[in-house]
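In case you want the letters, here they are:
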Amino acid sequence: MALLMLTTLPTAAAAAPDTVFFPSADGATEIVGYLFRPQTAGPHPAIVLLHGRGGPYSINVNKDCTLVSRTNPSATCNAGGLSKRHAMWGQYWADRGYFALLPDSFGPRGKAHGFGRFTHDDPDRADVNEKTVRPLDAKGALSWLRGQRDVQRNRIFLQGWSNGGSTALNVMQRQGAAASGYRAALVFYPGCGPAALLEQTLRSAAPITMLLGSDDEEVSPERCQDVARRSIAAGSRIDVVVYPGATHDFDDPGRNRQSNPANSTALRDATLRAIAAVDGLKD
C-alpha cells in the first residue's frame, strides 16, 4: 500500500515549460505565463495555476529579480527557475492530459522577487493584490486558453495557493452564477479574512474544493471554515478538507516541508482529490 501511494505523487518537471504571453484583463499588463503541455493528441482540458505571495520562482533564484517581460527577460526568473511546487504541479497536470498555465502576476509588474511571510500590509503589494488585480490576470488567462486550438473551451479549471488561493476564491465570487467561466476551483490554504476576500460569504455556481492544514502558521483554517459554512448555507458548493497536523505549504515537495509526516499525508491525498474533483466534471 505504501508503494502504491508513493506512485501517485507527481514529480518535478523533466523539462522547462513553454513561455507564453497574454494580456491581463486589466487592459494594461502583458502577463508572462508558463505552459505545461500534455504529450498526447488533443483537445485537452486545462487548468490555471495561481502562485502565492512568494511568486512563481524558486527562492534560490528570485532575490534580485524585478521586471520579467517579453522585452526584459530574466536570467534566473524564467521557465527554468520555477519553484519545485509549481514545476511539480504543472507536470502533474500535463501527465494527466491537462494543459497547465502558470501566470506570473508579479514579474510583469516589477516584483518578480515576491514577498516574504507576514507582509500582507506592505504597501508595495497594493498593485498586485488578490482582490482587485490578480483576478484580472486569471480572467486574461481564461480568455487566452480559450483561444488555443487544442484546449477544451468549456473544461478550464483554477488552482491557487495561499495568496493565489484567495485570488481563486475572489475569481469565483466575481464569476458568481455565470456558466461561461472556470468550471471549478482547487484552493490550497488561502487567506480568508476581509483583507483577502471580496466577501465573507462566497456565491459561486461552480464547485470549490478547499484544502487546509490544521497547523497552518500563516493563515487561519478556522476562518476559512467559517467562510465555507456561510457560503454553503448561501447555496455555494464547497468541499472543505482539513488535514490534521499539516502546515502552510503542505504540498511543497521540498525536504523541509515533507519531513513532517502530516504534510506528506496531505500531499498524497491532495493529488488524488485534485484530479478527482476536475475529472468528474465532464460535458
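Structure shown above.
Residues numbered from 1 in each chain as written. Predicted model: local features only at pLDDT ≥ 70, side-chain atom pairs only at ≥ 80, totals over all residues. Heavy atoms only, no water.

### Comments concerning the overall build of the chain
Okay, step 1: The number of helices and strands found in the chain is seven helices and eight strands.
Okay, step 2: Overall size of the chain, expressed as C-alpha extent along the three principal axes, is 45 × 45 × 40 Å.
Okay, step 3: In the chain, buried positions account for 57% of the 283 residues.
Okay, step 4: Long-range contacts, defined here as pairs at least 24 residues apart, represent 75% of the contacts in the chain between residues at least 6 apart.
Okay, step 5: Surface accessibility of the chain: about 12100 Å² in total, with carbon and sulfur atoms responsible for 53%.
Okay, step 6: Side-chain charges of the chain comprise 30 positive and 27 negative groups, with the mean position of each set lying 4 Å from the other. (Helix = DSSP H or I, 4+ residues; strand = E, 2+ residues; numbered from the N terminus. Buried < 20%, exposed > 50% of the residue type's maximum accessible area, 1.4 Å probe, protein only. Contact = heavy atoms within 4.5 Å. Areas by Shrake-Rupley, 256 points an atom, 1.4 Å probe, with all protein chains shown as cover. Lys, Arg positive; Asp, Glu negative; His and termini not counted. Charge placed at Lys NZ, Arg CZ, Asp CG, Glu CD.)

### So, helix α3 (residues 134-146)
Okay, step 1: For α3, with 13 residues, the first-to-last C-alpha span of 19 Å sits near the 18 Å given by 1.5 Å per residue.
Okay, step 2: α3 sits mainly inside the fold: eleven of its 13 residues count as buried.
Okay, step 3: If you check which residues of α3 are buried, you get Arg134, Pro135, Leu136, Asp137, Ala138, Gly140, Ala141, Leu142, Trp144, Leu145 and Arg146.
Okay, step 4: Taken together, the buried residues of α3 touch β1 (18-23), β2 (30-36), β3 (44-50), β4 (99-104), β5 (151-161) and α4 (163-175). (Expected span 1.5 Å × (residues − 1).)

### As for the pairing of β4
Okay, step 1: Among the six residues that make up β4, six are buried, leaving the element largely enclosed by the rest of the structure.
Okay, step 2: Of the two faces of β4, the one holding Phe99, Leu101 and Pro103 and the one holding Ala100, Leu102 and Asp104 are both buried throughout.
Okay, step 3: The pairing of β3 with β4 spans three bridges and is parallel. Considered in β4, the bridge of Ile47 is made with Ala100.
Okay, step 4: For the segment spanning β3, helix α2 (residues 84-95) and β4, crossover handedness is right-handed. (Pairing = 2+ DSSP bridges. Right-handed = clockwise from strand over helix to strand, strands pointing away.)

### A closer look at the state of the cysteines
Okay, step 1: Taken as a whole, this structure holds two disulfides when the rule is applied.
Okay, step 2: Between Cys65 and Cys77 runs a disulfide, and the two sulfur atoms are separated by 2.2 Å. Residues Cys65 and Cys77 are joined by a disulfide whose S-S torsion is about 95 degrees; by sign, that bridge is right-handed. One end of the pair, Cys65, is in the loop between β3 and α2; the other, Cys77, is in the loop between β3 and α2, with twelve residues separating them in the sequence. Like Cys77, Cys65 is buried.
Okay, step 3: The side chain of Cys192 participates in a disulfide bridge whose partner is Cys224; the two sulfur atoms lie 2.1 Å from each other. Since a negative S-S torsion denotes a left-handed disulfide, the Cys192-Cys224 link at about 95 degrees is right-handed. Of the two residues, Cys192 sits in the loop between β6 (185-188) and β7 (208-213) while Cys224 sits in helix α5 (residues 221-233), which places them 32 residues apart along the sequence. Grouping residues by exposure puts Cys192 and Cys224 together as buried.
Okay, step 4: Assigning the bonded cysteines of the chain consecutive numbers by sequence position, one obtains the connectivity 1-2, 3-4. (Disulfide = S-S within 2.5 Å.)

Such coordinate-based values are descriptive only and should not be taken to indicate function.
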